Amino acid sequence: MVRLEEIIEKVSGYSPGADLEVIRKAYVFSGVVHQGQTRMSGEPYLIHPLEVADILTGLKMDPQSVATGLLHDTVEDTHTTIEKIEDAFGPEVAGLVDGLTKISRITFEKKEDREAENFRKMILAMSKDIRVILIKLADRLHNMRTLGALPPERQKKIARETFDIYAPIANRLGIGWIKTELEDLSFKYLEPERHAMLAERIAREWDVKHDYIEKIKGIIEAKLKEHGVAGEVSGRPKQLYSIYKKMRDQDVEFENIYDIIAYRVIVKSVKECYEVLGIIHSTWRPVPGRFKDYIALTKGNMYQSLHTTVVGPYGVRMEVQIRTEEMHRIADYGIAAHWKYKEGGAIDSKDDKRFAWLRQLLEWHKELKDSDEFMDSLRGGLFPEEVFVFTPKGDIKEFPAGASAVDFAYSIHTDVGNRCTGAKVNGRMVPLKYKLRSGDVVEIITSQNHHPSKDWLSFVASSRAKTRIRHWIKTDERQLSITLGKELCEREFGKHGLEFGRMWKAGDIERIARDAFGLSGAESILAGIGYGKISVQQLLGKILPPEKLAPKKVSAFQKVLDKFKPLAKTDRKSPVVVKGIDDVMVKFARCCNPLPGDEIVGFITHGQGVTVHSAGCPSLMQIDKDRRIDVAWDRGKKEKTTRPARIEVVCRNEKGLLADMSNAIKAADANITDFHIKITPENKAVCNFEVEVMDAAHLKNIIKLLGKVKKVLKVQRAVRDASAGGEAEGTH
């Protein structure tokens, strides 16, 4: 059993001057709250946190991390709270303990490769401080070392979890010795018979070949000395699981695995690495295809070394690894080998999904002298583009960063997304805009009467949610267009003595839609009419002969009678022609107030006919393009009708000027229907006139005459602010 003073001594050895009081305080605190607790082996529970702390000293972790190793199970396994930890040890240690507590509550049930990868990513993403991961690996390593005290079923479950989740994390962080030990211990419990067989065979080989191994070491050392290279040479059996994996992948027996012993040469510089490679190759014949240069092509987890396999004495193959002392340290400790801790510093790390960032870490570390600057360079989270959350049943789901509760709802089912009204995250109500965070447990609240909103598109992040929302909106608008198309058809069919409803039920419209228009069905033709893409006249043209659709001749008596009709009061025919639709309500948008002669654009307003805007109106940016319809001024209309128009005049604030402007408008044959005047601090008058004009040319002439009035500084056509909304003036 490791003792506290041994831990203190190790920390003070690699971190002179560090505050060690936090470690002593954590030891006392852990001893008190774990008092009376024992492990499955019967040992006092405090042994476990002490061993975890000792492993962390092997990684040369800072005092706060070592203290957290002593405290890591206090919230999970005792009545202690995070608040008590923070009161006693401050926010930094409390944050580390909290991160470990959250990870410990994750259950790993599924064995699928993708699921395991998601769990690995989620653990990394949840760890805002990378020290949380390193402490968790130390915790798992000691648990694996003492796994024999548990029942066989739990042994296999924990071993599988370790092999699938934690060994790959250690590998990604470049901590080779933890990765190797976790794999071998997992292999021991997952494949006990094969593990025992290999362990026995390798031990036997080591005993038999001990003299041979020492002889090879002596040869290499002599060759290095001969060439003036100082280096440390060692020989060791390869990792058990590595040998088993090679046997399995190559489908060979143990006897056919020749390079079970790996020799390692550690030198001072990269230049000497390549010199040693030349010495080895000149001494023994290299095996073709078995040379790997991980110095020039560094692995994603920072690993660097030269690997070569040669045919040694007696024709035995042997692998030789060549690296510098720094490379060896990185191979064992990975990111922990290049970490500078500073008291009170929040530490994040960044990853591009394949840990390519670790290759750059060394360069940053060389360039950045200040530890705060170094830590700032690593901010952003291990998976900045992904978050991992849970369903209430414990299933894990992956989303892009910035995903909302609505994204989660659509990931469950389209109907859940379409009807979601709110969400609970970790048991608390949140708005639909809530941004998901790794580790959240999310529950969606739905209502049968609720539907998606266009606003959702502004905050959802997943392509699935965006696609489903757009589909619903498009379907909903299509239904409204079908309703409008049906109304237009019933009106026009009635004018020709046809019963649209009867023809619909009889299937006549369905047949025409398919045969004459090549559409999928009757509703498609109604939608086309509602959108303005097909006219009712086109549909009638497939039902009635041309002569039936021709305008009726008006008798001479009717013409005389029509002359006496009060046209100004009863003729409300729109001055605008809507392409393909007759007798449709037309409204002029007040935001731009188009006049005859202006270029215009129309769009269908469901249940309210067609609204006409000037082509340059800013409001058009907010209108769905699918609702647009071609409109034009009725050039054949001879009757002179007037439209209201607004003019803004800026002039000097002098007597008689209003009368002069009124006379100018009168001279242009226009009538003023409304006006108001505002005096500016500069003693200028801003006059807004509403006048009745026949067309844009008429308005242009009025503006021209007003511009000639003395003391008038500026004249322009005025429109309402687009933000005033889509209020429209109606006409038929």
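Further up the page is the structure itself.
A brief report on the enclosed structure follows.

**Some remarks on the nonpolar core**
Within soluble globular proteins, side chains that are nonpolar tend to cluster in buried spots. Counting residues in hydrophobic clusters, the biggest one holds 57 residues, and the most contacted among them are Ile23 and Leu137. Per-element tally for this core: the top contributor is helix α9 (residues 131-145), with 8 residues. Setting aside residues up to four positions removed in sequence, Leu137 forms contacts with Tyr166, Ile169, Ala170, Leu173, Ile175, Ile178 and Leu182. Judged by nonpolar contacts, the second largest core, of 34 residues, contains Ile261, Ile280, Val310 and Val320.

**What about helix α23 (residues 522-531)?**
Summarising burial for α23: 9 of the 10 residues are buried, a large majority. Looking at α23, one finds that the buried residues are Ala522, Ser524, Ile525, Leu526, Ala527, Gly528, Ile529, Gly530 and Tyr531. Where α23 is buried, its residues contact α20 (463-495), α21 (500-506), α22 (508-515), α24 (536-541), β14 (600-604) and β16 (628-629). Remark: Gly532 follows α23 within two positions and exhibits a positive phi of approximately 85°.

**Observations concerning unusual backbone geometry**
A positive phi angle, near 45°, is found at Asn593, a position not held by glycine. When you line up the elements, Asn593 lands in the loop between β13 (586-589) and β14. Taking the relative accessible area as the measure of exposure, Asn593 reaches 14% and is therefore buried. If you check the backbone angles, Asp669 has positive phi at about 60° while not being a glycine.

**A look at the pattern of salt bridges**
Applying the stated criterion to the full structure yields 20 salt bridges. Between Asp164 and Arg160 there is a salt bridge, with its nearest N and O atoms 3.4 Å apart. Here Arg160 and Asp164 lie together in helix α10 (residues 152-172), a separation of 4 residues that amounts to about one turn. Since its relative accessible area comes to 15%, Asp164 is described here as buried. Where Arg514 meets Glu510, a salt bridge forms, and the shortest distance between an N and an O atom there is 2.8 Å. Placement of the pair is Arg514 and Glu510 together in helix α22, with a separation of 4 residues, close to one helical turn. The exposure class assigned to Arg514 is partly exposed, which follows from its relative accessible area of 45%.

**Concerning the sheet that holds strand β10 (residues 428-430)**
Read from one edge of the open sheet, 3 strands run β10-β9-β11, paired in antiparallel fashion. The sheet is open, and its two edges are formed by β10 and β11 (442-446), each paired on a single side. If you compare each strand with its neighbour and ignore which way they point, the axes differ by 35° on average. In terms of strand pairing, strand β9 (residues 420-425) meets β10 through 3 bridges, oriented antiparallel.

**Thoughts on the packing of aromatic side chains**
Tallied over the full model, the rule gives 11 aromatic pairs. Relative to Tyr244, the ring of Phe187 has its centre 4.7 Å away and its plane inclined at 20°; by these criteria the two rings are stacked. Here Phe187, found in helix α11 (residues 176-190), pairs with Tyr244, found in helix α13 (residues 240-250); they are 57 residues apart in sequence, far enough to count as distant. Through pairs of rings, three or more aromatic residues link up here, namely Phe163, Phe187, Tyr241 and Tyr244. Lys542 extends its terminal NZ or CZ atom over the ring of Phe517, reaching a point 5.8 Å from the ring centre. Across the ring face of Phe588, the terminal group of Arg643 is positioned such that the distance to the ring centre comes to 3.8 Å.

Parameters at a glance
- Residues numbered from 1 in each chain as written.
- Predicted model: local features only at pLDDT ≥ 70, side-chain atom pairs only at ≥ 80, totals over all residues.
- Heavy atoms only, no water.
- Core = buried A, V, L, I, M, F, W, Y, C linked by side-chain atoms within 4.5 Å.
- Buried < 20%, exposed > 50% of the residue type's maximum accessible area, 1.4 Å probe, protein only.
- Helix = DSSP H or I, 4+ residues; strand = E, 2+ residues; numbered from the N terminus.
- Contact = heavy atoms within 4.5 Å.
- Salt bridge = Lys/Arg side-chain N within 4 Å of Asp/Glu carboxyl O.
- Pairing = 2+ DSSP bridges.
- Axes fitted to C-alpha atoms, helices over the stretch in contact; angles between N-to-C directions.
- Phe/Tyr/Trp six-rings, centres within 6.5 Å; stacked < 30°, edge-to-face > 60°.
- Lys NZ or Arg CZ within 6 Å of the ring centre and 35° of its normal.

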